[in-house]
Amino acid sequence: MLLDIEDLTLRVPSTEILRGISLQVGVGETVGLVGESGSGKSTTARAALKLFPDDATTTGSVTVCGSDILSAGPAEVQRIRANEAAMIFQAPRTALNPVRRIGDSATERLVHVHGVAKKVARSKIVELFAEVGLKDPERLLKLYPHQLSGGMLQRVVIASALSINPQLLLADEATSALDVTTQAEVLALLRRLRAQRELGVLFITHDLHLAAAYCDRVYVMRDGVIVDEQPGATIFENPANEYTRALADAVPRLPDREPDRELEVQP
Ligand SMILES: Nc1ncnc2c1ncn2[C@@H]1O[C@H](COP(=O)(O)OP(=O)(O)OP(=O)(O)O)[C@@H](O)[C@H]1O
Ligand SMILES: [Mg+2]
């Protein structure tokens, strides 16, 4: 198991953000985590990297690639973040330092954590940029985040996360800011990597239909609790929970289109 969260409860002084979460991601598995805004999806994914609010307390366990991260010391946590698990953070514009060039941010971990020579790191990132569909990758290295579109930035953070060859990828709304065509390309890329590297992916989205289509298994989260767990392929057939059913039905539908009278030729 790449990620094994057992009965995780996370409290901050004002509230309980996660309440008894249990969730697993196996080798080569893509697992969806779906829920409305504020349900605790990002907090759950961040727990896998021991990224908690300062004043948080936890009970339960979080095991990443065999290491119990909640009791791990700083060096072990650093090792896991450097080698085993990488996160694609929600909102790439805030994930990147605005005054650093894209090339420096994207190669940071390879150079400073893995000790890879700058030149080697840059050529690896150029390769990954091309793989995620970024055009003219050499030129991109010299630019600043404000010079890139949201979709380009999202690809940059995906490439940066993949640069350390993680076993577990925590993808927090990794494709939500992309247009449908680009989203399909990035999803295909992640699927290819899953096959090539047996990458395990925790795929966070608020879109149940996307999760059902893309993921092997889907967890549905509400208000800090996992309320349903289903294979992606059959989630609409047997939603075990009323909330899942409500989410499945919560697709806006337009009324059947009336004939457009204004375009009718008047006699
Ligand atoms: N540092 C913090 N201190 C207090 N409350 C927090 C903190 N971080 C998150 N929360 C609260 O925890 C809840 C879950 O937040 P989280 O970001 O995990 O939700 P989410 O499901 O990822 O939402 P979204 O879809 O909007 O990204 C929210 O109610 C949020 O306000
Ligand atoms: Mg979130």
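Residues numbered from 1 in each chain as written. Chains lettered and ligands numbered in written order. Predicted model: local features only at pLDDT ≥ 70, side-chain atom pairs only at ≥ 80, totals over all residues.

## A few points about the packing of helix α4 (residues 102–113) against helix α5 (residues 118–131)
Item 1. Put simply, α4 and α5 touch, their axes get as near as 9 Å, and they point 115° apart. In this structure, α4 meets α5 at a crossing whose hand is right-handed. On α5, the residues that touch G103, A106, T107, L110 and V111 of α4 are K118, A121, R122, K124 and I125.
Item 2. Its residues assigned to classes, the contact of α4 with α5 comprises 5 nonpolar, 2 polar and 3 charged. (Axes fitted to C-alpha atoms, helices over the stretch in contact; angles between N-to-C directions. Helix = DSSP H or I, 4+ residues; strand = E, 2+ residues; numbered from the N terminus. Left-handed = near helix turned anticlockwise from the far one by under 90°. Contact = placed C-beta atoms within 7 Å. Nonpolar A, V, L, I, M, F, W, Y, C, P; charged D, E, K, R; others polar.)

## Some details on the sheet that holds strand β7 (residues 168–172)
Item 1. If you walk across this open sheet you meet the 6 strands as β6-β7-β8-β3-β9-β10, and the pairing is mixed. Pairing within the sheet leaves two strands with one partner each, and these edge strands are β6 (85–88) and β10 (225–231). For this sheet the average axis-to-axis angle between neighbouring strands, irrespective of direction, equals 15°.
Item 2. Against the sheet, helix α10 (residues 242–249) touches β9 (217–222) and β10, its axis set at about 100° to β9. (Pairing = 2+ DSSP bridges.)

## Here we look at the pairing of strand β1 (residues 3–12)
Item 1. Sheet topology places β1 next to strand β2 (residues 15–25); 7 bridges connect them, and they run antiparallel. Among the inter-strand pairings, L3 is bridged to a residue of β2, identified as V25.
Item 2. Where β1 and strand β4 (residues 57–64) come together, 7 bridges link them in antiparallel fashion. Bridge pairing in β4 places T9 opposite T59.

## Overview of the packing of α4 against helix α7 (residues 150–162)
Item 1. Relative orientation of the contacting elements α4 and α7 amounts to 25°, with a least axis distance of 8 Å. Relative to α7, the element α4 lies roughly parallel. Pair α4 / α7 crosses with right-handed handedness. Each of I102, S105 and A106 in α4 lies in contact with α7, whose residues at this interface are V156, A159 and S160. (Parallel < 35°, antiparallel > 145°, perpendicular 65-115°, else oblique.)

## Some details on the site of ligand 1
Item 1. The environment of ligand 1 is formed by 13 residues, the closest being S37, K41, S42, T43 and P53.
Item 2. Looking at the shell around ligand 1 element by element, the count peaks at 3 residues for helix α1 (residues 41–47).
Item 3. Class assignment for the residues of the shell around ligand 1 results in 3 nonpolar, 9 polar and 1 charged. (Near = placed C-beta within 6 Å.)

## Observations regarding the sheet that holds β4
Item 1. Taken together, 4 strands build an open sheet; the order of strands is β2-β1-β4-β5 and the sheet is antiparallel. This sheet does not close on itself; its edge strands, each paired only once, are β2 and β5 (67–68).

## Digging into α5
Item 1. Relative to the 20 Å expected for 14 residues at 1.5 Å per residue, α5 spans 20 Å between its end C-alpha atoms, a close match to the ideal helical length.
Item 2. Buried residues of α5: A121, R122, I125, V126, L128 and F129, and no others. Each buried residue of α5 lies within a common arc of 165° when the element is viewed along its axis, so the set occupies one face. Exposed positions of α5 whose direction lies more than 90 degrees from the buried face are K119 and E127.
Item 3. Along its buried surface, α5 packs onto α4, α6 (137–140) and α7.
Item 4. A positive backbone phi angle near 85° is found at G133, which sits one or two residues after α5. (Expected span 1.5 Å × (residues − 1). Buried ≥ 20, exposed ≤ 12 C-beta atoms within 10 Å, placed from the backbone. Arc of directions from axis to C-beta.)

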